[in-house]
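Single-letter residue listing:
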Amino acid sequence: RTVEPLEYYRRFLKENCRPDGRELGEFRTTTVNIGKCLYGIIVTGEVLLISGSITTADGSALVKLGNTTVICGVKAELAAPAADSANKGYIVPNVELPSLCAERFRSGPPGEEAQAASQFIADVIENSQMIVKEDLCIASGKLAWVLYCDIICLDYDGNLLDASVFALLAALKNVQLPLVTINEETGLSEVNLKQKNPLIIRKHPVATSFAVFDDTLLIVDPTAEEEDLATGTVTIVTDEEGRLCSVHKPGGSPLTGAKLQDCISRAITRHKEVKKLIDKVIKSITPK
């Protein structure tokens, strides 16, 4: 494994399995734990969500895929809309890969991988229309919500994009915004903290990542070691209607139309599993 890692992997792949015991199309084992309600479920082949993870955030979630652990906190603030988008709010995603999550990352300004992940998340938000920016407007030209979405990797073991999209969606589903009105006499904003409403989530995008081995073989949910040995990676993002929201392929081996279609079909199946789990999580923490 140390001297000839690729040959070591190929011996497993020929038998349609991987060194960690998974089949090629199998996702890493997942646990669901709701911190606030002291409620837990163990599910295989799904995704771990821990909602209500950060008490200072307006919404938060922690996602764990195998050893890969990502936490997302959403902070909502009030601001004036941009002059050219008077009826729109803002969504500002930021992915951080601190040195504590893996030896490959260094402290300091965001590296290339973190910047690429942040741009990917921004594209998913825009392309999927998971949140319509007009829904964040309180008073056209005067006041709107800004959602700062900080996604921090605590432990990196591959497949950062899947975990980040999961964490973002779960955290946004957990957000409760207070009622804000504009006082017509004073022109000042008034915040009612006693009356809070959930965000309007229009679509539920889910990412599914694949690693390509030897230009032909596809494996899902790759670990960091598998990503390093792969000849390419591809991430497919779909919504609950089976609509393709994004295809992210940063170079590497080209994919045939048939293989790309296979990835999309498997991503649609994966979406159904994840959406069912997220719905179960949200239902368990919703007051009855």
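For the structure itself, look to the data block above.
The model shown is predicted, which means the values in this text are computed figures rather than measured ones. (Residues numbered from 1 in each chain as written. Predicted model: local features only at pLDDT ≥ 70, side-chain atom pairs only at ≥ 80, totals over all residues. Heavy atoms only, no water.)

A.B. asks: I'd like to hear about the packing of aromatic side chains, residue by residue, with values.
C.D. replies: In this structure the tally under the stated criterion is four aromatic pairs. The interplanar angle of 75 degrees and the centroid separation of 6.2 Å between the aromatic rings of Y8 and Y9 together place this pair among those described as edge-to-face. In terms of burial, Y8 and Y9 fall into one category: buried. Geometrically, the ring pair formed by Y9 and F213 is stacked, given 6.0 Å between the ring centres and 15 degrees between the ring planes. Of this pair, Y9 sits in helix α1 (residues 5-13) while F213 sits in strand β11 (residues 206-213); the two residues are 204 residues apart in sequence, bridging distant segments of the chain. Each member of the pair, Y9 together with F213, is buried. Taken together, the aromatic side chains of Y8, Y9, F12 and F213 make up a single cluster linked through ring pairs. (Phe/Tyr/Trp six-rings, centres within 6.5 Å; stacked < 30°, edge-to-face > 60°. Buried < 20%, exposed > 50% of the residue type's maximum accessible area, 1.4 Å probe, protein only. Helix = DSSP H or I, 4+ residues; strand = E, 2+ residues; numbered from the N terminus.)

A.B. asks: Hey, could you go over the environment of L255 for me, with residue numbers and the actual values?
C.D. replies: Take L255: it is sitting in the loop between β14 (244-248) and α5 (257-285). Taking the C-alpha atoms as reference points, L255 and V212, separated by 43 residues in sequence, lie 8.9 Å from one another. Once residues within four sequence positions are removed from consideration, L255 is found in contact with V212, L218, V234, K249 and L260. (Contact = heavy atoms within 4.5 Å.)

A.B. asks: A description of α5 should follow, citing residues and the corresponding values.
C.D. replies: What sets the pattern is the α-helix's 3.6 residues per turn: residues three or four places apart point alike. For α5, spanning 29 residues, the distance from its first C-alpha to its last is 42 Å, which sits close to the expected 42 Å at 1.5 Å a residue. Here α5 has its buried residues at C263, I264, A267, R270, H271, V274, K275, L277, I278, V281 and I282. (Expected span 1.5 Å × (residues − 1).)

A.B. asks: I'd like to hear about the packing of helix α2 (residues 112-128) against helix α3 (residues 160-173), residue by residue, with values.
C.D. replies: It is the contact of α2 with α3, at a shortest axis distance of 11 Å, that shows an interaxial angle of 50 degrees. When the axis of α2 is compared with that of α3, the two are oblique. The crossing of α2 and α3 is right-handed. Between α2, through A117, F120, I121 and I125, and α3, the contact on the second element is made entirely by L160, L161, S164, V165 and L168. By residue class, the composition of the contact of α2 with α3 is eight nonpolar, one polar and no charged. (Axes fitted to C-alpha atoms, helices over the stretch in contact; angles between N-to-C directions. Parallel < 35°, antiparallel > 145°, perpendicular 65-115°, else oblique. Left-handed = near helix turned anticlockwise from the far one by under 90°. Nonpolar A, V, L, I, M, F, W, Y, C, P; charged D, E, K, R; others polar.)

A.B. asks: I'd like to hear about unusual backbone geometry, residue by residue, with values.
C.D. replies: Most of the time, phi is negative for any residue but glycine, and the peptide bond is trans. In this structure, N159 takes a positive phi of about 55 degrees despite not being glycine. Note on placement: N159 falls in the loop between β8 (143-155) and α3. In this structure N159 comes out as buried when scored by relative accessible area, which is 2%. Not every positive phi belongs to a glycine, and D221 is a case in point at roughly 45 degrees. Here D221 lies in the loop between β12 (217-220) and α4 (224-229).

A.B. asks: I'd like a rundown of the nonpolar core, residues and numbers included.
C.D. replies: In terms of nonpolar packing, the biggest core is built from 53 residues, with I131, L147, Y156, L168, L172 and L199 touching the most fellow members. By residue number, the principal contributor to this core is α3, which donates 11 residues. In terms of nonpolar packing, the next biggest core, distinct from the first, is built from 10 residues, F210, V234, I236 and A267 among them. (Core = buried A, V, L, I, M, F, W, Y, C linked by side-chain atoms within 4.5 Å.)

A.B. asks: Please set out the pattern of salt bridges residue by residue, giving values where relevant.
C.D. replies: Under the definition given, this model contains 17 salt bridges. Linking R22 and D20 is a salt bridge whose minimum nitrogen-to-oxygen distance equals 2.9 Å. Residue class for D20 comes out partly exposed when judged on its relative accessible area of 42%. A salt bridge links K203 to E241, with the shortest nitrogen-to-oxygen separation between them at 2.6 Å. (Salt bridge = Lys/Arg side-chain N within 4 Å of Asp/Glu carboxyl O.)

A.B. asks: Could you give an account of the environment of L100, naming the residues involved and the relevant values?
C.D. replies: By secondary structure assignment, the location of L100 is in the loop between β6 (90-96) and α2. The sequence separation of L100 and L154 amounts to 54 residues, and the corresponding C-alpha distance is 6.9 Å. Sequence-distant contacts of L100, that is, excluding residues within four places in its chain, are made with C153 and L154.

A.B. asks: So what's going on with the pairing of strand β10 (residues 189-198)? Residues and values would help.
C.D. replies: As paired strands, strand β9 (residues 176-182) and β10 are joined by seven bridges and run antiparallel to one another. Across the sheet, residue V180 finds its bridge partner in β10, namely V191. In textbook terms, the turn of a hairpin is the stretch between consecutive antiparallel strands, and for β9 and β10 this stretch comprises six residues, one of which, G187, has a positive phi near 80 degrees. (Pairing = 2+ DSSP bridges.)

A.B. asks: Residues and numbers for the side chain of R22, please.
C.D. replies: When you line up the elements, R22 lands in the loop between α1 and β1 (30-34). Its relative accessible area of 5% is what places R22 among the buried residues. A distance of 3.1 Å separates the side chain of R22 from the backbone oxygen of D221, its partner in a polar contact. Among residues more than four places away in sequence, those in contact with R22 are C17, F27, R28, V220, D221, T223 and E226. (Polar contact = N/O pair within 3.5 Å; in protein donor to acceptor, adjacent residues only side chain to side chain.)

A.B. asks: Lay out the packing of α3 against α5 with the relevant residues and their values.
C.D. replies: Running from N to C, α3 and α5 point in directions that differ by 35 degrees, and their axes come no closer than 11 Å. In the packing of α3 onto α5, the handedness of the crossing is right-handed. Taken together, the residues of α5 that come into contact with α3 (itself represented by F166, L169 and K173) are R270, V274, I278 and I282. Taken together, the residues of the contact of α3 with α5 sort by class into five nonpolar, no polar and two charged.

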